[in-house]
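Notes for the structure review
Each chain, letter by letter, is given below.
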2 protein chains.
Amino acid sequence: MKKGNTRDVILHTASELFQRQGYHGTGLNQIIEKSGAPKGSLYYHFPNGKEEIAIEAIKLMGHHILESAREDLSEKDTAIEAFQHHVAKIADVFDGKACVDGLQIGLIASEMASSHESIRLVCQSAYENWQTLYTECLQRFDFETERAKELAVVINSLLEGASILAQTNESGWPLRAVAKQLPALLVH
Amino acid sequence: MKKGNTRDVILHTASELFQRQGYHGTGLNQIIEKSGAPKGSLYYHFPNGKEEIAIEAIKLMGHHILESAREDLSEKDTAIEAFQHHVAKIADVFDGKACVDGLQIGLIASEMASSHESIRLVCQSAYENWQTLYTECLQRFDFETERAKELAVVINSLLEGASILAQTNESGWPLRAVAKQLPALLVH
DNA sequence: GTCTATAAGAAGATAGAC
DNA sequence: GTCTATCTTCTTATAGAC
């Protein structure tokens, strides 16, 4: 848990709960209890209530996933190695109980896309940033721009989908299956 | 809407709502209202309440996706054509407002995996059936058994993830990006 | 099989004291 | 910035008549 101010503590806790239980599955009381944040200060820091908390939490998730992805992808010398390393690290997390911070934007995106336009847009923007990072990485490894963009979308889909399967199976093996097929996908 | 008995009407409506709003986002009242089913009969048909409705609804989704996938995959002469056709049909649905019936098991799986073991298991089983169908299809096109199984997991991930992106972007283009890269994946 | 009424609790949100 | 109390609404679930 971060040691920042109350606002950050609430946001960090909300982010974690939203990813595991979704928007509607997470109560404001639960966020308060788990974070240990002062109960009365919630609507002081987030005057627009739950929706505002969700929007800020999603932005936070987006930053986290971007940071760790950037780190994973910078450690190897080929595109295949880089992305396999990235996927392998995610797989390891799913072998434990946890889910990767930032990876499960998809849950909120799915349940809110049809009802809360503002939340849908924040999710869309998070995915765009993520795909941009992938695209830049692929370009660095000499993939042509248009193909890099397309592959970024595919890899994004692959990770999002395999994460759901991993959660459902309580195991990282779906992600390892994905990692194994990456070389076929990443040919010039 | 089906014309079957009350139980089927409730189940069909619940299935649709769960897929768009998730488990916690869907109220029993909403299911009753939208289905037009008699309000008093809910706990007669589903004595175990919401959880029982969800479990039966997920099974229904699993059957629907299996049926339409089986149909899509049987119409072509190569694995690449077959799966591209399958993905293209799903993409078309996302261009409209709707989501594909059965495809969004992932939403319920994600939000319930950590709290309701029984629901997690039903989702797991639905994914298994789906992957088995893919595996059999790939074997029919001369893929070796082990490789067919692995590819089935990857295609399953790909579709599940791309569907989330499609919903978030309110467009089928992520699925078309996936379809375009399928040939690279489906090499013998 | 269906209907009404209602329990019992939790949800999000607000007001006003401190 | 934080605390307490409260309001309203909605949730799941049950009881008992028809």
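Details of the structure are given in the entry above.
The notes below deal with the structure included here. By convention here, each chain's residues receive numbers from 1 onward along its written sequence. All chains are assigned letters beginning at A, and all ligands numbers beginning at 1, according to the order in which they are written. The predicted origin of the model limits local features to residues at a pLDDT of at least 70 and limits the giving and counting of side-chain atom pairs to 80 or more, whereas totals for whole chains, interfaces and linings rest on all residues. In computing side-chain properties, one takes all heavy atoms of the structure into account and sets aside hydrogens as well as water.

**Focus on the overall build of chain A**
Per the convention used, a helix needs a DSSP run of H or I reaching at least four residues, while a strand needs a run of E reaching at least two, with both numbered from the N terminus. Across its full length, chain A carries 9 helices and 0 strands. Sequence-ordered secondary structure for chain A, helices as α and strands as β, is α-α-α-α-α-α-α-α-α. The reference for a compact globule is 2.2 Å times residues^0.38; the radius of gyration itself is calculated from the C-alpha atoms. In terms of overall size, chain A behaves like a compact globule, its C-alpha atoms giving a radius of gyration of 17 Å where 188 residues would be expected to give roughly 16 Å. Along the first, second and third principal axes, the C-alpha atoms of chain A reach 55 × 35 × 30 Å. Looking at chain A as a whole, 57% of its 188 residues qualify as buried. Within chain A, contacts between residues at least 6 apart in sequence are counted, and of these 67% link residues at least 24 apart. Using a 1.4 Å probe, the Shrake-Rupley method yields the accessible areas, and only the shown protein chains count as cover for residues. Of the roughly 7800 Å² of accessible surface on chain A, 50% is carried by carbon and sulfur atoms. Note on classification: 1.4 Å probe, protein chains only; a residue is buried when its accessible area is under 20% of the maximum for its type, exposed when over 50%, partly exposed between these limits. By the convention used here, residues are in contact when the closest approach between their heavy atoms is within 4.5 Å.

**Description of the protein's contact with DNA strand D**
A molecule or strand has a residue near it when one of that residue's heavy atoms lies within 4 Å. Around DNA strand D, the surrounding shell holds 14 residues, and the nearest of these are A:Pro38, A:Gly40, B:Leu28, B:Tyr43 and B:Lys50. Sugar and phosphate atoms constitute 62% of the interface atoms of DNA strand D, taking the interface as everything within 4 Å of the protein. What qualifies as a polar contact is a pair of N or O atoms within 3.5 Å, subject to a donor-acceptor requirement within protein and to the restriction that residues adjacent in sequence count only when both atoms come from side chains. A distance of 2.7 Å separates a phosphate oxygen of DNA strand D from a polar backbone atom of B:Leu28. Contact between DNA strand D and B:Tyr43: a phosphate oxygen at 2.8 Å from a side-chain N or O atom of the residue.

**Description of the pattern of salt bridges**
Should a side-chain nitrogen of Lys or Arg be within 4 Å of a carboxyl oxygen of Asp or Glu, the pair is scored as a salt bridge. Summed over all chains, the structure comprises 20 salt bridges over all chains. Among the ionic pairs, A:Arg120 bridges to B:Glu170, the shortest N-O distance being 3.4 Å. With one member in each of two chains, A:Arg120 in helix H7 (residues 117–140) and B:Glu170 in the loop between helix H8 (145–169) and helix H9 (173–185) form a pair that bridges those chains. Using a relative accessible area of 6% as the deciding quantity, one classes A:Arg120 as buried. When its relative accessible area of 48% is taken as the criterion, B:Glu170 is described as partly exposed. Sharing partners across several salt bridges, the network here consists of A:Arg7, A:Glu56 and A:Lys59.

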